[in-house]
Amino acid sequence: MRQQLEGSHAVASAVARCRPRVIAAYPITPQTHIIEHLARMIADGDLDSEFVSAESEFAAASIVLGAVATGERAFTATASQGLLLMTEVLFNIAGLRLPVVMICANRAVSAPISIFNDHQDSMSLRDAGWIQLYVESNQEAADTVVQAYRIAETCALPVMVCMDGFFLTHTFEPVELPTQEEVDRYLPPLRFPRALNPARPMTLGGGAEPDNYLEYRASQHRALDDAAETIAHASTEYAQVTGRDHGGLFEAYRLADAHTVVVALGSVMGAIKDSVDALRHQGQAVGALRLRCFRPFPSQALVRALAGAQRIVVVEKALSAGAGGILACELRACLQQAGSACPVHGFVGGLGGRDLTVNTLTAVIDAAAKSPAPACRFIDCHETGPLETG
Amino acid sequence: MDTRDPFRENVLAAGHRACAGCGEAMAARMVTDLIGSEAIYVAATGCLQVFTTHNAQSAWQVPWIHSVFANAAAVAAGIEAALRARGDNTPVVVQAGDGGTFDIGLQCLSGMIERGHDVLFVCYDNEGYMNTGVQRSGSTPHAVRTTTSPPGRLRAGKRHLKKDVLAIVGAHHLPYAATATVAFFSDLQDKVKKALSIRGPRFLQVLAPCPLGWDHAAERTVEVARLAVETGLFPLVELEYGTPTSVMHLARQRPVEDYLELQGRFRHLFASDRGREEIRHLQALADTHVAHYGLLDPDRPGATEASVAARRHAWGGYARPRREPSS
């Protein structure tokens, strides 16, 4: 049944159908609606779960850590400053190899403080050892959070589902929620073999020394690398149960014969698809690739998918200040490694909630066609001009 | 009377890497064997975590987890919430040092208590950051020498006072909070047993001398802890719902010098007039404790059953059982 649902409501309903036993969170815009919906479901008796109102995001992350280490499914959500405050615990969750699932309602980071959307928060935690999945729509957000539990519990790795703040969390779209029966069929109950249990005592989180720390990290890296296959598989199996497939590691749009390919993450892909359509209408061979899985970074799959491209235009809402766009840097590295000389134009835009409109994006693609590939240009920046047209 | 060896369970096994005379190892062995192996233990980063779980080895014969420094109380809250969700009454115990309690862990501790989690939080208080090489903490007493409060031409050790963490915890009106030391085992035993008999958040602050950081002879750990009590510097008390319900009275109050002179961390105070002034200051602090808790006044009326019952009625929402008693 398709319903007109706010993004937060859609993901909260999907989370509830995954039957988490512990939900812990601290309020932060634009994540709050997600946990408010869950709190209401618990208050109304529609969800049997312990709701823990943490005194900070640092504690919220620690609470879900403890719950999952005890062998129960858990959920948390945050954004921006909250995610940064969780940072120490997020690395720790990954190192402990706990299958925690969280939603990051993507928001800019301070200073200056801004409640609006970009990807600087989650992208800054790309090295934390979490799987990161970025979604385009409310439908995909609801479906992906269910897949996230399946992936996390299969790989013993935490998964962060990244959905754009406001553009998705506060926007109403038609959504078909997975039914409880579908979720139960797709997602078996959590079985965590290292759970804290007096009948089988185990030590979790002991110290390491120079003679074994590196091996822990190497095995974590291998696990993330191997997770790519599980992520793709989880998407395919989900499609078999619900009929909905959002792509596993990435989604291709009019890519097959494209000479110019726009690569991006998240909800901006809606506008990019419209730009691609407009340019196709003018006879230009333009396509797009939406990266759904940013960690693990699916280098081989990307190299294959982009083999026919003569020009790549990365549009990203994140920045490693002093280095440039993060996705552009990583894409260049993996293409170079594969022997590709395809130029990668790096565009950073939409920071702090600035709109990326179809017209703007079309101009970006035009600009890329008229210049060599610069490392990093800002879209629609008042300081450097409305758009650097090269 | 139970005449069995109270340490028969060996929850904390031998072979760990604590220093000789370590008060924290002694305290942890006492507390954890009194609690037993049918419990889940959470550790904050610190000496106890380092010397018991090193390099893929573990001295713990119980389910035990360490996450980071500041979050032990929150991890325990998550464990307790998970157990509550499935109606499991397994006790949850936190073990933290004074850094993980008074300072970096205080916010998580406060949140855990405020939400009424059924968790026993045990602080082994050795009055400093001993794991990182003896730096001052919020628990370090006034005038103590540490590596970050060194006595010098302009300073006589730590400039600030020891934080009264028991009062802070007590201000949450939790069902039970108490102080104990390694020097009075039967007192510690009673308090652990009492804590285990109560639901809701509970707090135990155990003074644990550190021969390295306090600079005393390793064989005098128990003596030093006993003198901390007998001078009035570390009163042994119990709070229920934030109000004192019992204190260990002193037959006589020993002068603080008897305690200070055994420890190198106070040695500089005996070497100057300024130092002697600080000794008088420490004596005044001890006298204040004695007066506040009535340590020399066994006839002072304490809390009555009725007043504790009234407080339990007001604050007792804390003690929600995890599993409803089966009928």
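See the structure shown above.
Sequence order sets the numbering: in each chain, residues are counted from 1 along the sequence as written. Think of it this way: whatever chain is written first is A, whatever ligand is written first is 1, and the rest follow in order. Where local features are concerned, this predicted model is filtered to residues with pLDDT of at least 70; where side-chain atom pairs are given and counted, the filter is 80 or more; whole-chain, interface and lining totals use all residues.

## Focus on the sheet that holds strand β2 (residues 64–66) of chain B
- Sheet architecture is open: 9 strands sit in the order β9(A)-β2(B)-β1(B)-β3(B)-β4(B)-β6(B)-β5(B)-β7(B)-β8(B), paired in mixed fashion. At either margin of the open sheet sits one strand with a lone partner, and together these are β9 (203–204) of chain A together with β8 (243–247) of chain B.
- Two strands form a pair only when DSSP identifies at least two bridges running between them. A run of H or I in DSSP becomes a helix once it reaches four residues, and a run of E becomes a strand once it reaches two; helices and strands are each numbered from the N terminus. Alignment of strand β5 (residues 176–181) of chain B against strand β7 (residues 237–240) of chain B, held across 2 bridges, turns out to be antiparallel. From the neighbouring strand, B:Ala177 faces β7(B), where its bridge partner is B:Leu239.
- Each of β4 (120–125), β5, β6 (202–207) and β7 of chain B touches helix α7 (residues 185–196) of chain B; the most contacted strand, β5(B), lies at about 160° to it. By definition, residue pairs are in contact when their C-beta atoms, positioned from the backbone, come within 7 Å. All axes are obtained by fitting lines to C-alpha atoms, using only the stretch in contact for helices, and the reported angles, taken between N-to-C directions, cover 0 to 180 degrees.

## What to know about helix α1 (residues 23–35) of chain B
Residue and element names in this part refer to chain B.
- One fewer than the residue count of a helix, multiplied by 1.5 Å, yields its expected span. With 13 residues, α1 extends 18 Å from end C-alpha to end C-alpha; this agrees with the ideal 18 Å at 1.5 Å per step.
- To sort residues by exposure, count the other C-beta atoms lying within 10 Å of each residue's C-beta; 20 or more gives buried, 12 or fewer gives exposed, and values between give partly exposed, all with C-beta atoms placed from the backbone. Taking burial as the measure, the 13 residues of α1 include 12 buried ones, the bulk of the element.
- Inspection of α1 places Gly23, Glu24, Ala25, Met26, Ala27, Ala28, Arg29, Met30, Val31, Thr32, Leu34 and Ile35 among the buried residues, and these make up the whole buried set.
- Turning to α1, the residues buried within the fold contact α2 (47–52), β3 (92–97), β4, α7, β6 and α9 (221–230).
- Gly36 sits one or two positions beyond α1 and adopts a positive phi of about 95°.

## A word on the packing of α1(B) against α7(B)
Residues and elements named next belong to chain B.
- Following both chains from N to C, one finds α1 and α7 inclined at 40°, their axes separated by 10 Å at the closest point. Judged by the angle between their axes, α1 and α7 are oblique. Here the hand of the crossing between α1 and α7 comes out right-handed. Judged by residue contacts, Met30, Val31, Leu34 and Ile35 of α1 engage Phe185, Leu188, Gln189, Val192, Lys193 and Leu196 from α7.
- Grouping the constituent residues of the contact of α1 with α7 by class yields 8 nonpolar, 1 polar and 1 charged. Reported orientations rely on four angle classes, namely roughly parallel under 35 degrees, roughly antiparallel over 145, roughly perpendicular from 65 to 115, and oblique for the rest. The handedness criterion is simple: a crossing whose near helix is rotated anticlockwise from the far helix by less than a right angle is left-handed, and one whose near helix is rotated clockwise is right-handed. Under the convention adopted here, Pro, Cys and the residues Ala, Val, Leu, Ile, Met, Phe, Trp and Tyr are nonpolar, Asp, Glu, Lys and Arg are charged, and Gly plus all remaining residues are polar.

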